[in-house]
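Architecture and fold: a report
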Amino acid sequence: MRHGGTAVNAISSAGGRLSAVRFLILAAALALVGCGTTASHPPLPSTSLEHGPDYLIGPGDNVNIFVWRQPELSATVPVRPDGKITTPLIEDVPASGKTPTQLARDMEEVLTTYIRDPVVTVIVTGFVGPYSQQVRVVGQAVNPQAIPYREHMTALDVMIAVGGLTDFAAGNRATIVREVDGQPRQYSVRLNDLIKRGDINANVPVMPGDTLIIPETWF
């Protein structure tokens, strides 16, 4: 019986080791998936941040219209949801999608009907920008939202603006959807490495119109 018991114990021990090995393999595979090392999307290409795009006016912005030597024509007005503004003598001027300089030149052209050689300066406050240039964050962020683009904005800036990741976020499986040559392209982003591990190499630049998608973890 001692021999039989020894054989049973050996088989039981071998089975336990095999189960442990299988468990470790499964755990390692799940860890790799959770860390995003099996991402199917290419990494985000490097983008020069030396010269950001010009700011474009959008609905919700406030614009200060200053007409030189014509204080009665100067005013601070909001850009309406339809993208237009109204000032003294000028009604329904399209403003959304234009730079402040472009809007100033357009208003000068209209004002020539009423005054000689008008000089207009446009100053934007309460920045919102057009929808096409906002950066959208969806999924497992603390406060998913659309945020105005800022020059030299990075993934870390976006994460600060939305309050970081939730406890259920698969940060290393996050992706950025960006329009390239008129076509949407999707790129992987390593948000866990950036926020939780402090890997500055994962702090990629974002561009106007980007959409950051943060999926939920699988376990």
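Scope of this entry: the structure provided in the associated data block. (Residues numbered from 1 in each chain as written. Predicted model: local features only at pLDDT ≥ 70, side-chain atom pairs only at ≥ 80, totals over all residues. Heavy atoms only, no water.)

1. Describing the overall build of the protein
Formally: Starting at the N terminus, helices and strands are each numbered in turn, a helix being any DSSP run of H or I of at least four residues and a strand any DSSP run of E of at least two. Here the term buried applies to any residue with accessible area under 20% of the maximum for its type, exposed to any over 50%, and partly exposed to those in between, with areas from a 1.4 Å probe on protein chains only. What makes two residues a contact is simply this: any of their non-hydrogen atoms within 4.5 Å. Using a 1.4 Å probe, the Shrake-Rupley method yields the accessible areas, and only the shown protein chains count as cover for residues.
Summing up its helical and strand segments, the protein has 4 helices and 10 strands in all. The secondary structure elements of the protein, listed N-terminal to C-terminal, are α-β-β-β-β-α-β-β-β-α-β-β-α-β. Residue burial in the protein is summarised as follows: out of 219 residues, 35% are buried. Counted over contacts in the protein with a minimum sequence separation of 6, partners at least 24 positions apart contribute 56%. Of the roughly 13,100 Å² of accessible surface on the protein, a fraction of 58% belongs to carbon and sulfur atoms.

2. Side note on the side chain of asparagine 203
Short version of the rule: Whenever two N or O atoms come within 3.5 Å, that pair is a polar contact, provided that in protein one can donate a hydrogen and the other can accept it, and provided that, for residues adjacent in sequence, both atoms are side-chain atoms.
Among the structural elements, asparagine 203 can be located in the loop between α4 (191–195) and β10 (211–214). A polar contact is formed between the side chain of asparagine 203 and the backbone nitrogen of alanine 155, at a distance of 3.5 Å.

3. Focus: unusual backbone geometry
One non-glycine residue with positive phi stands out, namely leucine 89, at about 75°. Locating leucine 89 in the fold gives a position in the loop between β3 (84–87) and β4 (90–94). A positive phi is found at aspartate 117, a non-glycine position, where the angle reads about 45°. Its location among the elements puts aspartate 117 in the loop between α2 (100–111) and β5 (120–125). Relative accessible area serves as the criterion here: at 65%, aspartate 117 is assigned to the exposed category.

4. Remarks on the pattern of salt bridges
Using the following cut-off: Definition used for salt bridges: Asp or Glu carboxyl oxygen within 4 Å of a side-chain nitrogen of Lys or Arg.
Inspection of the entire model under this criterion finds 8 salt bridges. Where aspartate 193 meets arginine 190, a salt bridge forms, and the shortest distance between an N and an O atom there is 2.7 Å. Judged by relative accessible area, aspartate 193 falls into the buried class, the value being 13%. Through salt bridges with shared partners, a single ionic network connects Arg190, Asp193, Arg197 and Asp199.

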